[in-house]
Each structure stands twice: as C-alpha cells, then as structure tokens.
Amino acid sequence: MNTDRIEKRVVLRAPLDRVWRAIADSKEFGRWFGVRFDGPFVAGTSITGAITPTVVDDEIGKRQESHSGLKSTWHIVAVEPQRRFAYRWHPLAIEPDVDYDQEPTTLVEFTLAETPDGVLLTIVESGFDAIPEARRGASYEANAEGWAMQTELVRRYLEETRV
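Conventions and cut-offs
- Residues numbered from 1 in each chain as written.
- Predicted model: local features only at pLDDT ≥ 70, side-chain atom pairs only at ≥ 80, totals over all residues.
- Heavy atoms only, no water.
- UniProt positions renumbered as here; feature names shortened; annotations may be inferred.
- Phe/Tyr/Trp six-rings, centres within 6.5 Å; stacked < 30°, edge-to-face > 60°.
- Helix = DSSP H or I, 4+ residues; strand = E, 2+ residues; numbered from the N terminus.
- Buried < 20%, exposed > 50% of the residue type's maximum accessible area, 1.4 Å probe, protein only.
- Pairing = 2+ DSSP bridges.
- Axes fitted to C-alpha atoms, helices over the stretch in contact; angles between N-to-C directions.
- Contact = heavy atoms within 4.5 Å.
- Salt bridge = Lys/Arg side-chain N within 4 Å of Asp/Glu carboxyl O.

- Reading the Sequence similarities (unreviewed entry) entry of the UniProt record for the protein gives the comment "Belongs to the AHA1 family."

In structure tokens, the structure reads:
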C-alpha cells in the first residue's frame, strides 16, 4: 500500500469552465471546501485560509465548526487555466499551539480532463512520507477521508450552483 500519496477521482457533470472556477477561484473553492481565504490563488504566492463551515453540507459544516477560524498557509504552486491547480500545505495542521512551519509540506494537485460524461477531476496529495513519523499516519488517514468527502462536496456544489 502506498502511504505517500492519496488519489481521488470524480466525474463532474458541468462544463469545464464552470468546474475550473469552482477549483481555481479562491472564493468559490472556499464555499464548498470550507475555508475563507485572504486573497486569490496566484502561482508563486502564499495565502492564509481560515476554516469555516462548508455551504454545501450542514453535517460536515457542523464538524468543521470545531476548527472554525483555525488558519493555515497555502503556497500556490500552479494555476494552469482549465487544466491544473496545485498548492502546498501542512496536512492536519490543527493544533493551534504547534508551529508547523519547520515541517515539510505535501503537494495537492487538482487536474481536469474532459470526458464524454463531464469533467474528470483528479485530486492527488503527495509527500506524506516526508512528514514527521509522529504525525504521518494520522495526517494520511485524515486526508484520505477528507479528500473523499471533498470530492462529494465539489460535486454537490456544482449541482447546486449551475451558473
């Protein structure tokens, strides 16, 4: 079993430009993901995201409330229109009194491909093997579960906001 990489896929029944906006516009991304960002996604920059409840699912939103306001830094790696969005972050960085800046980050990549049934969104998070051993397993497990939920949230968000 590969514990360095998580990969999730979902076919989204929406036009490519609509899916791109949902993942590459920081305000839209934040609505379904459950994060409020202090700026746009621009390659080569860092932004801060604060956990907020997702607007898509009340139950998940209630779970996110326990970490509401917790902030993390996202280092934007790539914004390649209608193809790829990527960033680096510290996975499972939820302890407010811990300085995660000295730890390695993981790379999260969203790639899009048109298919006859819609747009295939592939989410890959890699680099867990470099995370300190004391946090590695919990980070991997939490994010594997989290990305499964996020593929469902983005699908529902696109269904509910057909604009």
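### Let's talk about the packing of aromatic side chains
Two numbers describe a pair of aromatic rings. These are the distance of the centres and the angle of the planes.
So, point 1. Evaluated as defined, the whole model comprises 24 aromatic pairs.
So, point 2. Residues Trp74 and Tyr87 carry aromatic rings whose centres are separated by 4.1 Å and whose planes lie at 20 degrees to one another, so their mutual orientation is stacked. Taken together, the residues span a long stretch of sequence, with Trp74 in strand E4 (residues 71–80) and Tyr87 in strand E5 (residues 84–89) at a distance of 13 residues. In this structure, Trp74 and Tyr87 share a single accessibility class: buried.

### Brief notes about the pairing of strand E3 (residues 46–51)
So, point 1. Inspection of the sheet shows strand E2 (residues 35–37) paired to E3 by three bridges, in the antiparallel sense. Among the inter-strand pairings, Arg36 is bridged to a residue of E3, identified as Ala50.
So, point 2. Relative to E4, E3 runs antiparallel, the two sharing five bridges. Pairing of Thr48 across the sheet is with Thr73, part of E4.

### Some thoughts on the sheet that holds strand E6 (residues 106–115)
So, point 1. Judged by pairing direction, the sheet is antiparallel, and its seven strands sit side by side in the order E1-E7-E6-E5-E4-E3-E2 without closing on themselves. In this open sheet, the two edge strands, each paired with only one partner strand, are strand E1 (5–12) and E2. Along the sheet, successive strands turn relative to each other by an average axial angle of 25 degrees, direction set aside.
So, point 2. Along the sheet face, helix H2 (residues 26–33) touches E2, E4, E5 and E6 and points at about 160 degrees away from the line of E2.
So, point 3. Its contacts with the sheet put helix H4 (residues 133–160) on E1, E5, E6 and strand E7 (118–126), and the angle it makes with E1 is roughly 15 degrees.

### Observations concerning the pattern of salt bridges
So, point 1. Within this structure, the stated rule accounts for 11 salt bridges.
So, point 2. Salt-bridge contacts for Glu152 lead to Arg155; the nearest nitrogen and oxygen are separated by 2.3 Å. Residue Glu152 and its partner Arg155 are located together in helix H4, separated by three residues, close to a single helical turn.
So, point 3. The exposure class assigned to Arg155 is partly exposed, which follows from its relative accessible area of 24%.
So, point 4. Note that Arg155 is salt-bridged to Glu159, the shortest N-O span being 2.6 Å. With a gap of four residues between them, Arg155 and Glu159 both fall in helix H4, about one helical turn apart.
So, point 5. We classify Glu159 as partly exposed; its relative accessible area is 39%.
So, point 6. Three or more residues joined by partner-sharing salt bridges are found here, namely Asp17, Arg18, Arg21 and Glu28.

### Looking at the pairing of E6
So, point 1. Taken together, the six bridges between E5 and E6 define a ladder with antiparallel strand orientation. Directly across from Arg88, in E6, lies its bridge partner Leu107.
So, point 2. Of the pairings in the sheet, the one linking E6 to E7 comprises nine bridges and is antiparallel in character. When the bridges of E7 are listed, Glu114 appears paired with Val119.
So, point 3. Between E6 and E7, which follow one another and run antiparallel, lie two residues.

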